[in-house]
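If you want the building blocks of each chain, they are given just below.
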Amino acid sequence: MIEVKDLQKSFGDAHILKGISTTFDKGKTNLIIGQSGSGKTVFLKCLLGLFNYEEGSISYEGRIFSKLSDEQKRDLRSEIGMVFQGSALFDSMTIVENVKFPLRMFTKLSESEMDDRANFVLKRVNLENAHNKLPSEASGGMQKRVAIARAIVNKPKYLFCDEPNSGLDPKTAIVIDNLIQEITDEYDITTVINTHDMNSVMEIGEKIVFLKDGLKAWEGSNETIFKTDNEVVTDFVYSSELFKKVRKMYIEENL
Amino acid sequence: MNYLHSIGTYILMIIEIFRKPTKWSVMKKLIIKDIDDLIIGSLGIVAFISFFVGGVVTIQTALNMDNPLVPKSLIGFATRQSVILEFAPTFISIIMAGKVGSFITSSIGTMRVTEQIDALEVMGINSLNYLVFPKLVSLMLYPFVISISMFLGIVGGLAACAFGGFATVNDYITGLQDDFIPYHIIYAFMKTIGFAFLLATIPSYHGFYMKGGALDVGKASTVSFVWTSVAIITLNFILTQILLS
């Protein structure tokens, strides 16, 4: 579990995060949603330790990030897998080398053991035949799957995804969503996803944190989001006619 | 204030390069790759420029010697001094600031823009050590490039002399041997090591700390070339004062 208490972050005079407190549960797909500029990416980067914050605390199973030594931070980071918005695969390495990279850096596995583990996770993300391609030769969906494979290859306890569906067609987006949820259940990891995608919210949002103007405006799940009368959330989530109808149907069915 | 902040960040970056070293098995491969990219990949352009500039120095010297009392061997002497003391170490380093420097800035800058550096950081890897240290080590072979430049500059002068009819080959070789001071070679290589350090670190700084998108990678490469050149010329002045005065 990741516990966030009164997190505050500023860039100069701009107060981006104004005191966010929440928890991200183990074995669940936790979603951070909100409009552009609401502070989602800054929040995620604070969770990852890429940004320092002024106030508050982030605790990973009781380990408060800001109080850890460099060595302890390195150990904690080896427990984290991250899927970046643009995949962030290393251009100069083949797909299989990208996947093996965390193993090469942090384990003492032999080359054949690393190959076995990389083959296993590539198979898990349905990419058995792309080992020797360069990232530039792979499609957006394939790159996302490679990024997921690289994130899980070292058996992380925490998986972070920054807009994993951006730039993907709806069908591939659903494949990626399902894959992330399956992996979360299978490995019992704490998954935190930063997303705009309403399909993801409805499909895999076991816990949803809604941010607005650097504050937590609402917290719930993909079931309670249908019932909420919080205007800020309904304005954002049900901004399209399609989702308004879906909500109406859901409420009628459950009355 | 901005300049002071940049200098401070640059110094902190250099300290950080040597902290939390990457696994040797990984680092070894990175160093070999950077030797190929930065050293071997530069030999062609260095050889071409050195040969022809050596020839031009010889021609210019010969054409400005109209006093019959001045021995023709002075052409070889002047070419040797120009090539060894300034052309090979300094002029080639400015060219390398353009070739190698912009390569380093753009490759690290692109990694910054595409979040590859963030990916390294999230994994708990010291990205400065991973990215810059191998470049620094591989550029310690830079004196090898400069020694090739010195040799080809002098050979270029010999070719210009022989084919242009400015002096005989014997006169040129006599000039090369006149008043030769071995310390000048040591001075040139000491400068070269200093320039190699600047060539590895200043472009890396501009790539690593760049902000923005693809267009800004191009801008960072240009700025990196300007500042690397300024630093090389300044260091050249300081080292010349210290080592030759």
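Because the structure is predicted, anything quoted here is derived from the model rather than measured. For every chain, the first residue of the written sequence is number 1, and numbering continues from 1 onward in sequence order. Chains and ligands are labelled sequentially in the order written, the chains with letters from A and the ligands with numbers from 1. Reporting of local features is limited, given that this is a predicted model, to residues whose pLDDT is at least 70; pairs of side-chain atoms are given and counted only at 80 or more, and all residues count toward the totals for whole chains, interfaces and linings. Hydrogens are left out, water is left out, and the side-chain values use all remaining heavy atoms of the structure.

Engineer: Can you lay out the overall build of chain B for me, pointing to particular residues and giving the numbers?
Structural biologist: For helices the rule is a DSSP run of H or I covering at least 4 residues; for strands it is a run of E covering at least 2, with both sets numbered from the N terminus onward. For chain B, the count of helices and strands is 10 helices and zero strands. Its helices and strands in sequence order give chain B the pattern α-α-α-α-α-α-α-α-α-α, from N to C terminus. When its C-alpha atoms are laid out on the principal axes, chain B stretches across 70 × 40 × 35 Å. Relative accessible area decides the class of each residue, using a 1.4 Å probe on protein chains only: under 20% of the type maximum gives buried, over 50% gives exposed, and in between gives partly exposed. For chain B, the proportion of its 245 residues judged to be buried stands at 49%.

Engineer: Go over the environment of B:Phe48 with me, naming the residues and quoting the values.
Structural biologist: Residues and elements named next belong to chain B. Looking at the secondary structure, you find Phe48 in helix 3 (residues 43-63). Residue classification places Phe48 among the exposed residues on the basis of a relative accessible area of 53%. Separated by 108 residues in the primary sequence, Phe48 and Gly156 place their C-alpha atoms 9.6 Å from one another.

Engineer: Residues and numbers for empty space enclosed by the protein, please.
Structural biologist: Of the two site types, the cavity is a set of points on a 1 Å grid over the protein atoms alone where a 1.4 Å probe fits but cannot get out, and the pocket is an open set with protein on both sides within 12 Å along at least five of seven lines, each lined by residues with an atom within 4 Å of a point. Grid points are joined across faces, edges and corners, and a volume is the space filled by probe spheres set on the points. Inspection of every chain in the model, using the stated rule, returns two cavities of 30 Å³ or more. Of the volumes computed, that of the largest cavity is approximately 160 Å³. Around the largest cavity, the lining comprises 15 residues; the ones closest to its centre are A:Ile80, A:Gly81, A:Pro102, A:Arg150 and B:Met123. At the level of secondary structure, the elements contributing two or more residues to the lining of the largest cavity comprise strand 6 (80-83), helix 3 (95-106) and helix 5 (140-152) of chain A together with helix 5 (116-122) of chain B. Broken down by element, the residue count for the lining of the largest cavity peaks at three residues, all from strand 6 of chain A. Residue polarity is assigned by list, with Asp, Glu, Lys and Arg as charged and Ala, Val, Leu, Ile, Met, Phe, Trp, Tyr, Cys and Pro as nonpolar; anything else, Gly included, falls into the polar class. A breakdown of the residues in the lining of the largest cavity according to their chemical character gives 10 nonpolar, three polar and two charged. For the second largest cavity, the calculated volume is near 30 Å³. What lines the second largest cavity is simply A:Thr41, A:Leu44, A:Lys45, A:Leu48, A:Leu50, A:Met82, A:Phe84, A:Asp162 and B:Glu115.

Engineer: I'd like to hear about the sheet that holds strand 2 (residues 14-24) of chain A, residue by residue, with values.
Structural biologist: Residues and elements named next belong to chain A. Only strands that DSSP links by at least two bridges are regarded as paired with each other. Spatially, the four strands line up as an open sheet ordered 2-1-4-5, and their pairing is antiparallel. Strands at the two margins of the open sheet, each flanked by one partner only, are strand 2 and strand 5 (63-64). For strand 1 (residues 2-11) and strand 4 (residues 55-60), the ladder comprises five bridges, and the chain directions are antiparallel. Bridge pairing in strand 4 links Glu3 to Ser59.

Engineer: Describe the layout of surface pockets, with residues and values.
Structural biologist: Computed from the structure, the largest pocket encloses a volume of approximately 1,600 Å³. For the lining of the largest pocket, the secondary structure elements donating two or more residues are strand 1 and helix 2 (70-77) of chain A together with helix 1 (2-17), helix 4 (73-113), helix 5, helix 6 (127-138) and helix 9 (182-208) of chain B. For the lining of the largest pocket, the element with the most residues is helix 1 of chain B, which contributes eight residues. Considering only residue class, the lining of the largest pocket consists of 15 nonpolar, 10 polar and 13 charged. When its volume is computed, the second largest pocket comes out at roughly 630 Å³. Listing elements by their share of the lining of the second largest pocket, those giving two or more residues are helix 3 of chain A together with helix 2 (24-39), helix 4 and helix 6 of chain B. Of the residues forming the lining of the second largest pocket, the biggest block, six residues, is contributed by helix 2 of chain B.

Engineer: Mind laying out the UniProt feature "transmembrane region" (unreviewed entry) in chain B, listing which residues take part and the relevant values?
Structural biologist: Residue and element names in this part refer to chain B. UniProt positions are given in the numbering used here, feature names are shortened, and annotations may be inferred rather than shown by experiment. Using the residue numbers shown here, the UniProt feature "transmembrane region" (unreviewed entry) corresponds to residues 38-63, 151-173, 185-205 and 225-244. Helix and strand shares over residues 38-63 are 88% and 0% respectively, and the end C-alpha atoms of the span are 37 Å apart. Each end of residues 185-205 is marked by a C-alpha atom, and these two atoms are 30 Å apart; helix forms 100% of the span and strand 0%.

Engineer: Lay out the side chain of A:Asp162 with the relevant residues and their values.
Structural biologist: Position of A:Asp162 relative to the elements: it lies in strand 7 (residues 158-162). The convention is simple: Lys and Arg are positive, Asp and Glu are negative, and His and the chain ends are not counted. The rule for a salt bridge is simple: a side-chain nitrogen of Lys or Arg has to be within 4 Å of a carboxyl oxygen of Asp or Glu. Although A:Asp162 is buried, it makes no salt bridge; A:Lys45 carries the closest opposite charge, 6.1 Å away. Within the structure, A:Asp162 has its side chain in polar contact with the side chain of A:Asn194 (distance 3.2 Å). Whether two residues touch is decided by their heavy atoms; if any such pair falls within 4.5 Å, the residues are in contact. A:Asp162 has contacts with A:Thr41, A:Leu44, A:Met82, A:Val83, A:Phe84, A:Gln85, A:Asn194 and B:Glu115, leaving out every residue within four places of it along the chain. Throughout this description, a polar contact denotes any pair of N or O atoms lying within 3.5 Å of each other; where both atoms belong to protein, one of them has to be capable of donating a hydrogen while the other can accept it, and for residues adjacent in sequence the pair is counted only when both atoms sit in side chains.

Engineer: I'd love a proper account of the interface of chain B and chain A, names of residues and values included.
Structural biologist: Contacts between chain B and chain A engage 20 residues on the former and 26 residues on the latter. When chain B packs against chain A, close to 1,900 Å² is buried across both sides, 61% of that on carbon and sulfur atoms. Once two parts are brought into contact, the accessible area they lose, counted with a 1.4 Å probe and summed over both, makes up the buried area. It is B:Glu115, B:Val122 and B:Met123 in chain B that bury the most area against chain A; as a group they hold 33% of the surface buried on that side. Across the chain B-chain A interface, the total number found is two salt bridges. The interface formed by chain B and chain A holds six residue pairs in polar contact (both at pLDDT 80 or more) in total. Looking at the side of chain B that touches chain A, the elements that each hand over two or more residues are helix 2 and helix 5 of chain B. The dominant element in the side of chain B that touches chain A, judged by the number of residues it contributes, is helix 5 of chain B, at six residues. The residue makeup of the side of chain B that touches chain A, split by class, is eight nonpolar, four polar and eight charged.

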